[in-house]
Amino acid sequence: MLNYRTVLSSRSLPKNLLIGLGIVSVAAIANSLFALEHDWHLLSITTMMIGGTLLFVNVRKSFASDLDQPTVIDRSYLFKELQQAQKAIAKIADISKRATLDEQAQQITSNLQKNHFRIVVFGTGSAGKTSVINALLGRKAGKTSAAIGTTITRQEYAYQVIGFSPVGITPIHSENKVKRQISLLDTSGTQEMGAVGQQRELEALQIAQNADLMIFVTAGDLTNSEYCELDRLAGLGKRVILAFNKTDLYLPSDREHVLAKLQDRTQHFLAATDIVAIAAQPSPIKVRQYANTEASERHDAIQEWWEDVPPDVKPLKERIEEILSNEWEDLLIHNTHLQIKNLLQEINRTIHQERRQDAAIIINRYQLIAATTVFANPIPAIDLLAGAAINTQMLIDLAKIYDRPLNFQQAQQFAMTIAQQLMQLGCIEIATSAIASFFKVNAITYAIGGSMQAVTAAYLTHIGGMSFVEYLEQQPETKSAIIANPAMLKTLQQICQKTFTALQGDRFFVDFITSISSRVATIATAK
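Residues numbered from 1 in each chain as written. Predicted model: local features only at pLDDT ≥ 70, side-chain atom pairs only at ≥ 80, totals over all residues. Heavy atoms only, no water.

A. The arrangement of the sheet that holds strand β3 (residues 182-186) in detail. As summarised here, the arrangement of the 6 strands in space is β2-β3-β1-β4-β5-β6, forming an open sheet in which the pairing is mixed. The open sheet has two edge strands with one neighbour each: β2 (155-158) and β6 (275-277). Geometrically, the sheet is characterised by an average inter-axis angle of 25° between neighbouring strands, direction not taken into account. Note: strand β1 (residues 117-123) against strand β4 (residues 213-218), 5 bridges, orientation parallel. In the strand pairing of β4, Val121 is matched with Ile215. Helix α5 (residues 129-137) rests against β1, β2, β3 and β4 of the sheet, and its axis sits at about 155° to β3. The strands touched by helix α7 (residues 224-235) are β1, β4 and β5 (240-244); relative to β4, the strand with the most contacts, the crossing angle is about 170°. (Pairing = 2+ DSSP bridges. Helix = DSSP H or I, 4+ residues; strand = E, 2+ residues; numbered from the N terminus. Axes fitted to C-alpha atoms, helices over the stretch in contact; angles between N-to-C directions. Contact = heavy atoms within 4.5 Å.)

The structure is reproduced here in structure tokens:
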């Protein structure tokens, strides 16, 4: 059973701590009473040293114990995480994406506030998922058919017929039995054919991942794909009941064999009690009526008809009630925590993409500035220090995108570090040689010398900008200023080397040089 709550209680003081306090107290009293008339100073000082040592050791252990306390994941913790998510969502520039993520955050908050517990029924299209829901509800809520893929979209049904006493929850009413908001969700079947079937399967998997409790329906022994899906969902921490449906189609001996096989294959992630055998929609049976015994022996029936057999889902109902009674709060908190983690990952991924896009615009702007500056004033060799002013301002603008304050002096130090590292790596020689070879092959005739130096300057600015972006993304999210200490500068040097190595491919050189050269040529022609 999951345990996502920590119950706080008063802890008795350690025995050694009490002994230490006692010794110190006795020594102090003895010293006060006998110091004037007896020579007890040495004894009392020794006693106090022993007691003080015990006291110090236990106080230190107590502090260490407090520091090692695990984080308590409860409702208040989840609401704080949701507040952090809302703050992060506000940073997203894309209005549509921001609205979508904000809606998800509000839905998670609402479900947690309302104690909304969702049970998702999941499985292949032929397993009988909708029949299971109909049997649990005691009515025909969803459409069933022999054809696979009858359920084409998510269906949600209120399941409030269970009365139980959830452990660890303060009842809303005074009665012992508490009714909570429970929903049964029917999903599209998996393993359906075609692009539409694959899309439905992805949607069903997403719904299953957000379930508080999942009922995985199978009509026999698990196929390889069913087993992989079940194993993955269980690995996410999902609470799963494996329902072996359509048992009416099996002989008793075969039914027991399949059940035993299911228990054996899933024993490392499912308890035997979480595997139940049911018949949600048993096949009708033929009933014959005979006039007398002799007619029965002659199989001479007066009339025959097909009679429906009531569903048999009692083991599943009982298991659901037992889990809800004992694990409601733990499952709700655990799943909500997983949803918030997934939401935060999506938020951070979106912010990362937007920051990357904004950073690319800034780097492209400054590499063009570097190229046009050098093209207008060609010099015999590329002087990285001369371009430090351009790179310094670029780093300041990049730091703003990542909400990291960076003053001019700090940015200048980072720019100098990048320039020195590129010089040590021999970037100038390598870049100049590659760019010269490109110009020779492509027979570019305009201002060859100035163009080569301009493209080289742009290329080195590009490497410096991309290196600094990578460096910023590796730093923890904080509003504090970036401090250019030796450790950080060394990290930046390593990133420069990695970035330079990654940007030496032929394809990158061709695209980059073509783009910069054409833009420089346009500017030169305009002048």
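B. Quick peek at the pattern of salt bridges. Counted according to the given criterion, the structure contains 15 salt bridges. The shortest N-O distance in the salt bridge between Arg239 and Asp274 comes to 2.7 Å. Highlighted residues: Arg239 in the loop between α7 and β5 and Asp274 in the loop between α8 (252-265) and β6, separated in sequence by 35 residues. Just as Arg239 is buried, Asp274 falls in that class too. One salt-bridge network, held together by shared partners, links Arg239, Asp274, Arg319, Glu322 and Glu327. (Salt bridge = Lys/Arg side-chain N within 4 Å of Asp/Glu carboxyl O. Buried < 20%, exposed > 50% of the residue type's maximum accessible area, 1.4 Å probe, protein only.)

C. Here's a closer look at the environment of Trp306. With respect to the helices and strands, the residue Trp306 is situated in strand β8 (residues 301-307). Counting along the chain gives 20 residues from Trp306 to Lys286, while the straight-line C-alpha distance between them is 4.4 Å.

D. Local environment of the nonpolar core. Counting 42 residues, the largest nonpolar core has Leu395, Leu398, Phe414 and Phe468 as the members making the most contacts within it. Sorting elements by how many residues they give to this core places helix α14 (residues 448-474) first, with 11 residues. (Core = buried A, V, L, I, M, F, W, Y, C linked by side-chain atoms within 4.5 Å.)

E. Representation of helix α4 (residues 95-113). Between the first and last C-alpha of α4 there are 27 Å, a value that for 19 residues agrees with the 27 Å anticipated at 1.5 Å per step. Inspection of α4 places Leu101, Ala105, Ile108, Thr109, Ser110, Asn111 and Leu112 among the buried residues, and these make up the whole buried set. By the N-cap criterion, in which a side-chain oxygen at the helix start approaches the backbone nitrogen of a residue two or three places on, α4 is capped by Asp94, the distance to Ser96 being 3.0 Å. One or two positions beyond α4, positive phi appears at Asn115, with a value near 55°. (Expected span 1.5 Å × (residues − 1). Polar contact = N/O pair within 3.5 Å; in protein donor to acceptor, adjacent residues only side chain to side chain.)

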